[in-house]
Amino acid sequence: MRYIEATYNYPFVAVSIVVAILSSYVALELADVAWKSQKKYHLNKWLGLSSVALGLGIWTMHFTGMFAYTLPISVHYEAGLTFLSLLIAISASFLGFGIASIGRNLWYTLLGGTIMGIGIAGMHYMGMRGMHLAADMHYDFLLVSLSVILAIVISSLALWLLVSLKAEKTSSSFFIKTMAACMMGIAISSMHYTGMAALNLTFNEEAIIDKRGFMIEGELMAAALSFAAILLILLPLFTARYENRFSQRLAAELELLRINESRLRTLIENAPDEFYAYDIKGRITDFNEAICNDLGYSRDELVHTNIFDFEVSPTAKKLISNVWPSLETGASYTVNAVHVCKNKTEYPVEVSMTCIVDNGEKYIFALARDMTENENLKTHLSELAMTDELTALFNRRAFLSYFEKELSRAKRNTEDISILMIDIDFFKKINDKYGHHVGDIVLHHFSTVAKNTIRNEDTIGRFGGEEFSVLLPNTTIDTAGIIAERLRKTIENTFVEHEGQKITFTVSIGIAMLDDKDMAPEALMKNADDALYNAKENGRNRIMIYNAKQNNAKTT
């Protein structure tokens, strides 16, 4: 067995090491750009480029090293296995960088470095498998194992340095990247030359070089290596240009974000509605000037308050048990609540809430609108719907609604209740003689006198025209007669002055009392109306009491 003596072209050896270090630096630079990407698409794109750079560098270094390995016999390379070795290097680099980027801790780094080291070794031995020469190959198992271990250990260490740089645990990014690139380049070179040291070649003149497939040799291999070297030179230039554009765009976006935040803060501070934010425990974290002004707190006082110190609601428990959990799903919610000022006064608010998550902490953003004017408007509209505009008394609908409720209560509690039906005598003549505007003055005057004459617990309403009704709760028919007579005399002795004239008028009053618990409201009203009719038929300016037993009216 005659061994083949091989020699090394040391300038080529030096070039191969430089290629390994350069490709490692380019790959680490691209991986760093990838890890800065926020979107998965950009992450995968830049990891792919870094893997191509490293895989191409490993491949170029290997075959540059093979050119440095001088043999006295001709060597050819099978194109398929040579290309496959390049794919192994690229794929292992992509998996190694990708796994290290997932967790960016020791265990993920070790796993990524292991895969990358195995890929470097796999590329080397697959490339050696593609060699065709008139010799037999023999490997030293221990040196082969050492070459794989070197590739794994140094690749893991290089990745860990890059991960540490990303975590800002180091001070100089260029220095660390250069150190990591040197380590990875040394790993690739050490693996290659240790693997080559493990190789022993023996002459076999009977060995047949199969040239039926596409083979690479001589000038073609040199051209392929030159092309790969050009790509390695262009990739850093492309990366530098991209990083410059990326940095400029990032700076512009940050400036725009700062401007937008400033504008948003200005809008919040000048908003008429109350804005405030608080954490899930109710502690106030942010607010605008409007809520300070509305509540009467200074900014220093409000920042130390809790949401429930000034916001009360009958659904407070619902907020904690139902509303807040629903906000965590991204839904918004609007509730009606009450805000308590520093001086203990209260005002109604409508609060719109939403939840955001910042660094794992949940915060609730609230926008509260003072609903005092709305509530006052609702009250005013409600009063308008129930009030006669001219006399400010209950209108017919409001009086009947109140009457039905009071009658039901009186029946339930077995209480007396009476009702007066009142009509202004000869009101049409007043309108005809003095005009409708004077008639309106008479109606308003009557309502004022009547409200001042009846008791506080009594209720008066205008039925329409010159007809009015008074509800007398807890009142017998005799007491009702006394109240009615007092009202009649008061009206008889009063007057309305118009253009120097004193206009007097009188009223007729009919009285009825609930004397049957099964009596309907309409029936009681009809009894009082019948009594009023009898009063008007019997000369006016008088009261008549409806006698349920005799089913007629009598004069008091």
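Being a predicted model, the structure only gives us computed values, none of them experimental.

Engineer: I would appreciate a short explanation of the pattern of salt bridges in the present structure.
Structural biologist: For side chains bearing opposite charge, pairing can occur when the charged atoms are close. Inspection of the entire model under this criterion finds 15 salt bridges. Its salt-bridge partner being arginine 409, residue glutamate 406 comes within 3.0 Å of it at the nearest N-O pair. On the criterion of helical spacing, the pair formed by glutamate 406 and arginine 409 is a turn pair, its members being three residues apart in helix α13 (residues 396–412). The partly exposed category is assigned to arginine 409, whose relative accessible area is 21%.

Engineer: Sorry, what's going on with the nonpolar core here?
Structural biologist: Across soluble globular proteins, you tend to see nonpolar side chains buried next to one another. Membership of the largest hydrophobic core comes to 44 residues, with the highest contact counts inside it found for Met66, Ile188 and Leu201. If we ignore the near neighbours within four places in the chain, the residues touching leucine 201 are Arg2, Tyr3, Ile4, Tyr69, Leu71, Leu133, Ala135, Asp136 and Met137.

Engineer: Teacher, can you tell me more about empty space enclosed by the protein here?
Structural biologist: A probe as big as a water molecule, rolled over the atoms, marks out the empty space that is left. Within this structure, the stated rule accounts for one cavity of 30 Å³ or more. In this structure, the largest cavity occupies an estimated 30 Å³ of space. Around the largest cavity, the lining residues are Ile58, Met61, His62, Ile120, Met123, His124, Ile188, Met191 and His192. For the lining of the largest cavity, the secondary structure elements donating two or more residues are α2 (40–68), α4 (106–129) and α6 (173–197). For the lining of the largest cavity, the per-class residue count stands at six nonpolar, three polar and no charged.

Engineer: For this particular structure, what's the right way to read the packing of α13 against helix α17 (residues 521–537)?
Structural biologist: The axes of two packed helices give the description: the angle between them and the distance between them. Close contact between α13 and α17 brings their axes to 10 Å; oriented N to C, the two are set at 110°. In terms of axis orientation, α13 runs roughly perpendicular to α17. Across from Leu400, Phe403, Glu404 and Leu407 in α13, the residues of α17 making contact are Pro521, Leu524 and Met525. Split into classes, the residues belonging to the contact of α13 with α17 amount to six nonpolar, no polar and one charged.

Engineer: I'm lost on a nonpolar patch on the surface in this one. Help?
Structural biologist: On the surface, Phe83, Leu84 and Leu87 cluster together to form a nonpolar patch covering roughly 270 Å² of accessible area. In this fold, leucine 84 is placed in helix α3 (residues 79–103).

Engineer: Help me understand the side chain of serine 156 in this model?
Structural biologist: Of note, serine 156 is situated in helix α5 (residues 141–166). Exposure remark for serine 156: the relative accessible area of 7% places this residue in the buried category. Of note is the side chain of serine 156, whose polar atom sits 2.9 Å from the backbone oxygen of isoleucine 152. If we ignore the near neighbours within four places in the chain, the residues touching serine 156 are Thr109, Leu110, Gly113 and Thr114.

Engineer: Is there a simple way to explain helix α16 (residues 477–492) in this structure?
Structural biologist: One full turn of an α-helix is made of 3.6 residues, so residues set three or four places apart face in the same direction. Here α16 contains 16 residues, and its C-alpha end-to-end distance of 22 Å stays within 8% of the 22 Å for a straight helix at 1.5 Å per residue. Buried within α16 we find Ile477, Ala480, Gly481, Ile483, Ala484, Leu487, Arg488 and Ile491. Seen along its axis, α16 keeps its buried residues to an arc of 165°; they face one direction. Exposed and oriented more than 90 degrees from the buried face of α16 are Asp478 and Ile482. Against β14 (417–424), α15 (436–453), β16 (467–473), β19 (507–513) and β20 (543–547) lie the buried residues of α16.

Basis of the calculations
Residues numbered from 1 in each chain as written. Predicted model: local features only at pLDDT ≥ 70, side-chain atom pairs only at ≥ 80, totals over all residues. Heavy atoms only, no water. Salt bridge = Lys/Arg side-chain N within 4 Å of Asp/Glu carboxyl O. Helix = DSSP H or I, 4+ residues; strand = E, 2+ residues; numbered from the N terminus. Buried < 20%, exposed > 50% of the residue type's maximum accessible area, 1.4 Å probe, protein only. Core = buried A, V, L, I, M, F, W, Y, C linked by side-chain atoms within 4.5 Å. Contact = heavy atoms within 4.5 Å. 1 Å grid on protein atoms, 1.4 Å probe; cavity = no way out; pocket = protein on both sides within 12 Å on 5 of 7 lines; lining within 4 Å. Points joined across faces, edges and corners; volume = space filled by probe spheres on them. Nonpolar A, V, L, I, M, F, W, Y, C, P; charged D, E, K, R; others polar. Axes fitted to C-alpha atoms, helices over the stretch in contact; angles between N-to-C directions. Parallel < 35°, antiparallel > 145°, perpendicular 65-115°, else oblique. Patch = residues over 30% accessible without salt bridge, like charges linked within 9 Å, V, L, I, M, F, W, Y side chains within 5 Å. Areas by Shrake-Rupley, 256 points an atom, 1.4 Å probe, with all protein chains shown as cover. Polar contact = N/O pair within 3.5 Å; in protein donor to acceptor, adjacent residues only side chain to side chain. Expected span 1.5 Å × (residues − 1). Arc of directions from axis to C-beta.

The analysis is restricted to geometry; functional conclusions fall outside its scope.
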